[in-house]
Amino acid sequence: MRYLEQFERLIVVVLVVLMAGVVLLATIELAWILVQDVITPPVLLLEIQELLDLFGLFLLVLIGIELLHSVRTYIVERTFHIETVLAVAMIAVARKVIVLDPKELPPGALLGIAALVVALSFAFYVLRRGGDSRDRPD
């Protein structure tokens, strides 16, 4: 059992290092794309599609940071915080809503996305209102 725990810890540490690398690379790519968009004519002006792409990349970096936080919390406390998982899901859905083109979606897709937003918001509200589950006895 001890070897299995050491193996699990090694895998989690490798995941943290890889996730940190991905977040770093995504941040560098975001900065590079921003600089390229700003210096191409018309200088200092961004088109709507460029802004949407930048916002999408920005939110992708935030998702990576939240996932990194979640894995780090797992290393330290050996638990996952549902609030962090919900925050990652909400950021991911927000990113999708920002970058999607409603004209290219089937009719029911917007209703599905709306239902997902409502469900995640409700879950987050219930979790916040109920307090942290670690504070309650089992």
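Structural data are supplied above this passage.
About the thresholds
Along each chain, residues carry numbers from 1 onward, in the same order as the chain's sequence is written. Local features in this predicted model are restricted to residues of pLDDT 70 or higher, and side-chain atom pairs are both shown and tallied only at a pLDDT of 80 or more, whereas totals for entire chains, interfaces and linings draw on every residue. Based on all heavy atoms of the structure, the side-chain values leave hydrogens and waters out of the count. The aromatic pairing rule takes the rings of Phe, Tyr and Trp, using the six-membered ring of Trp, and pairs them if the centres are within 6.5 Å, calling planes under 30 degrees apart stacked, those over 60 edge-to-face and the rest tilted. Lysine NZ or arginine CZ positioned within 6 Å of the ring centre and within 35 degrees of the ring normal marks a charge as sitting over the ring. Put simply, DSSP H or I for four residues or longer makes a helix, DSSP E for two residues or longer makes a strand, and each gets a number counted from the N terminus. Here a residue-residue contact requires only that any non-hydrogen atoms of the pair lie within 4.5 Å. Type-normalised accessible area, obtained with a 1.4 Å probe on protein chains alone, sets the label of each residue: buried when under 20%, exposed when over 50%, and partly exposed for intermediate values.

Following the criterion strictly, the structure yields 0 aromatic pairs and no others. The aromatic ring of tyrosine 3 is capped on one face by arginine 2, whose charged end is 5.4 Å from the ring centroid.

Glancing now at the environment of serine 70. If you trace the backbone, serine 70 turns up in helix H2 (residues 48–77). As a C-alpha pair, serine 70 and histidine 81 span 11 residues in sequence and 7.2 Å in three-dimensional space. Here serine 70 is in contact with Phe80 and Thr84, once residues within four sequence places are set aside.

A word on the environment of alanine 31. In this fold, alanine 31 is placed in helix H1 (residues 2–39). According to the relative accessible area criterion, alanine 31 is partly exposed, its value standing at 41%. Note: C-alpha distance between alanine 31 and phenylalanine 58 (27 residues apart in sequence) is 9.6 Å.

Before going further, it helps to spend a moment on unusual backbone geometry. The omega angle of the peptide bond from proline 41 to proline 42 is -5°, so this bond is cis rather than trans. Checked against the element boundaries, proline 42 lands in the loop between H1 and H2. Phi at leucine 44 is positive, roughly 65°, even though this residue is not glycine. Looking at where leucine 44 falls in the secondary structure, it is placed in the loop between H1 and H2. Judged by relative accessible area, which is 65%, leucine 44 ranks as exposed. Positive phi, close to 60°, is recorded for arginine 78, a residue that is not glycine. Within the fold, arginine 78 resides in the loop between H2 and helix H3 (82–99).

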